[in-house]
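Remarks on the overall topology
Single-letter residue listing:
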Amino acid sequence: MIGQDALKRRAAEAAVAEVEDGMVLGLGSGSTAELALHALAVRVAAGLRVSGVPTSARTAGLARQLGVPLADFAAHTRLDLAIDGADEVEPVSLALIKGRGGALLREKIVAAASRRMLVVVDESKLVHRLGRGAIPVEIVAFGWQATFARLEAAGMHPVLRRATDGAPFLTDGGNHIADCSPGQIDDAAALDRRLRDVIGVVETGLFLGLAWRVIVASAKDVGWLGP
Ligand code: 5RP
């Protein structure tokens, strides 16, 4: 029986096989994206010339450690290809939920700046309809209690994410995360708009219309959704 980590590695390696010399990449966050970074480092060591904008401080640190050159938006406002994981994938629309690792804001900025967003998942991430788990919503730390109350009033059933020491979780941008469970999601775009309308919300973990292709590893094979 092949384990989940091995499946993630397969998806990650298949994604990195699509990277071409000279590309400026978006480097995702999370365990699958990190496996992709390891696979990329092998190709860089073999002579591939690429650089990548990291979506988290953790990814930046790992890239440095592995010898993958970093880039930033000061030099590149358009990226060629972002490679990132996801928490949930809706297979027809390629709508995603991201951010359970806490990096959703930077991940969305990088995905939106990329010509193509290549998502890497194992089959456990595929859902019939988004919302199997909570939607991470990044909120400004200032006045978070008031934002939280507005999310509650809007029926989003937020739960403030906490770090292991019990303090509110802090994102790389210095914000907090409210994990929201609004019930069955019939219209993800409308829900996204409702969440964004709440003052104090910075960004949502609903990634709609951003994924170009999703590489899915199952015990049987590695396939993809999208073009
Ligand atoms: C981090 C993310 C990750 O991509 C997502 O949580 C998937 O992580 P993993 O590959 O570890 O399952 O959105 O903010």
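Residues numbered from 1 in each chain as written. Predicted model: local features only at pLDDT ≥ 70, side-chain atom pairs only at ≥ 80, totals over all residues.

The protein appears in an unreviewed UniProt entry as Ribose-5-phosphate isomerase A from Siccirubricoccus soli. The heading Subunit (unreviewed entry) in the UniProt record of the protein holds the text "Homodimer." (UniProt positions renumbered as here; feature names shortened; annotations may be inferred.)

**Points about the sheet that holds strand E1 (residues 24-27)**
Taking strand neighbours across the sheet as the criterion, the 6 strands line up as E2-E1-E3-E6-E12-E13 in an open arrangement whose pairing is mixed. Edge strands, defined here as strands with exactly one partner in the open sheet, are strand E2 (51-54) and strand E13 (222-225). Neighbour-to-neighbour, the strand axes of the sheet open up by a mean angle of 25°, direction not taken into account. Sheet topology note: the E1/E2 ladder contains 4 bridges and is parallel. Bridge pairing in E2 places Leu-27 opposite Pro-54. Those strands touched by helix H3 (residues 57-66) are E1 and E2, and its axis lies near 150° from that of E2. Here helix H4 (residues 104-113) sits on the sheet and contacts E1, E2, strand E3 (79-84) and strand E6 (114-122); the angle it forms with E3, its principal contact strand, is near 140°. (Pairing = 2+ DSSP bridges. Helix = DSSP H or I, 4+ residues; strand = E, 2+ residues; numbered from the N terminus. Axes fitted to C-alpha atoms, helices over the stretch in contact; angles between N-to-C directions. Contact = placed C-beta atoms within 7 Å.)

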